[in-house]
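In case you want the letters, here they are:
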Amino acid sequence: MRCPYCGNDDTQVKDSRPTEDSGAIRRRRVCNGCGGRFTTFERVQLRDLTVVKKSGRKVPFDREKLARSVYTALRKRAVEADRIERMISGIVRQLESLGDVEVTSDQIGEYVMDGLKELDDVAFVRFASVYKNFSAADDFRNFLAKLAEGQGTVGSDD
């Protein structure tokens with residue numbers, strides 16, 4: 001593992017333990033070059049996923065990009081980090097279990113919408129505003145009205 005401080009490839013594991021949800025291994029490492037200490041996480045990856053964007057362009061799936069978008073939606077919301085990580089890991093497992101190496105950005109968005117709806121209503125609406133490309137206040141009003149009526153299903157674009 002490369003040291004994030006000096007770039008040295010010679011690092012040593014000092015401590016390993018599973019995360020709370022047992023979805024990853026947390027490793028404390030020390031660089032033999034500069035002495036810097038850092039933490040890494042190892043996760044089981046069933047297959048290499050490729051995301052097919054709306055434009056048709058294909059890019060490798062990036063768990064960190066998924067996590068950034070989820071954390072952005074949840075910014076300044078009182079949701080425990082372990083619940084967020086469990087949701088993200090659950091989305092990744094769902095994607096890997098689809099049986100196909102290619103997933104669409106729409107599939108990922110739908111899974112995130114489902115997860116956020118369970119975690120936090122405000123984050124759900126924040127993510128929806130970007131995912132569904134809200135362009136005016138009326139888009140929010142219509143979305144919230146459907147949500148209040150129980151029609152705020154993830155797949156509805158109306």
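The structure displayed is predicted, hence computed values, not measured ones.

Student: Just checking my understanding: could you explain the packing of aromatic side chains for this structure?
Tutor: How two aromatic rings sit relative to each other is given by the distance of their centres and the angle of their planes. Scanning all chains against the criterion turns up 5 aromatic pairs. Geometrically, the ring pair formed by Phe134 and Phe140 is edge-to-face, given 4.9 Å between the ring centres and 85° between the ring planes. Three or more aromatic residues link up through ring pairs in this structure, and these residues are Phe124, Phe134, Phe140 and Phe143.

Student: Quick question: what am I supposed to make of the sheet that holds strand β2 (residues 24–31) here?
Tutor: Strands pair in a sheet through their backbones, by hydrogen bonds, and they do so in one of two ways: parallel or antiparallel. One open sheet accounts for 3 strands, arranged β1-β2-β3; its pairing is antiparallel. Lying at the two open borders of the sheet, with one neighbouring strand each, are β1 (11–18) and β3 (37–43). On average, each strand axis in the sheet is tilted by 25° relative to the strand beside it, whichever way the strands run.

Student: Could you clarify how one ought to interpret the sheet that holds strand β6 (residues 102–104) in this entry?
Tutor: Strand order in this open sheet of 3 strands is β5-β4-β6, and the pairing throughout is mixed. Each having just a single partner strand, β5 (58–60) and β6 make up the two edges of the open sheet. Neighbour-to-neighbour, the strand axes of this sheet turn through a mean angle of 35°, independent of strand direction. Bridge count between strand β4 (residues 50–52) and β5: 3 bridges; the pairing is antiparallel.

Student: What am I meant to see in the pattern of salt bridges here?
Tutor: Side chains bearing opposite charge may pair, as long as their charged atoms lie close to each other. Evaluation of the coordinates by the stated rule reveals 11 salt bridges. With a shortest N-O distance of 3.0 Å, Asp15 and Arg17 are connected by a salt bridge. On the accessibility criterion, Asp15 (25% relative accessible area) is partly exposed. What emerges from the salt-bridge pattern is a single network uniting Arg27, Arg29 and Glu42.

Student: Looking at this model, I keep getting lost on the side chain of Thr11. Mind explaining?
Tutor: Structurally, Thr11 is set in strand β1. Among the polar contacts listed, one links the side chain of Thr11 to the backbone oxygen of Met1, at a separation of 2.8 Å. Discounting residues that sit within four places of it in the chain, Thr11 has contacts with Met1, Arg2, Cys3, Arg29, Val30, Cys31, Asn32 and Phe38.

Student: Where do I start with the pairing of β3 in this structure?
Tutor: In summary, the side chains of a regular strand alternate between the two faces of the sheet. Sheet topology places β2 next to β3; 7 bridges connect them, and they run antiparallel. Residue pairing across strands places Ile25 opposite Glu42, the latter belonging to β3. Between β2 and β3, which pair antiparallel and follow one another directly, the connecting turn spans 5 residues, one of which, Gly35, has a positive phi of 85°.

Student: Looking at this model, I keep getting lost on helix α4 (residues 121–131). Mind explaining?
Tutor: Each turn of an α-helix holds 3.6 residues, which means side chains three or four residues apart point in the same direction. Three or more residues of α4 are buried, namely Ala123, Phe124, Val125, Phe127, Ala128, Ser129 and Tyr131. The inward-facing, buried residues of α4 abut α1 (63–73), α3 (105–119) and α5 (137–148). Between a side-chain oxygen at the N-terminus of α4 and the backbone nitrogen of Val122 the separation is 3.2 Å; the capping residue is Asp120. Positioned one or two residues after α4, Asn133 has a phi angle of 60°, which is positive.

What counts, and where the lines are drawn
Residues numbered from 1 in each chain as written. Predicted model: local features only at pLDDT ≥ 70, side-chain atom pairs only at ≥ 80, totals over all residues. Heavy atoms only, no water. Phe/Tyr/Trp six-rings, centres within 6.5 Å; stacked < 30°, edge-to-face > 60°. Pairing = 2+ DSSP bridges. Helix = DSSP H or I, 4+ residues; strand = E, 2+ residues; numbered from the N terminus. Axes fitted to C-alpha atoms, helices over the stretch in contact; angles between N-to-C directions. Salt bridge = Lys/Arg side-chain N within 4 Å of Asp/Glu carboxyl O. Buried < 20%, exposed > 50% of the residue type's maximum accessible area, 1.4 Å probe, protein only. Polar contact = N/O pair within 3.5 Å; in protein donor to acceptor, adjacent residues only side chain to side chain. Contact = heavy atoms within 4.5 Å.

Treat this as a map of the structure, not an account of what it does.
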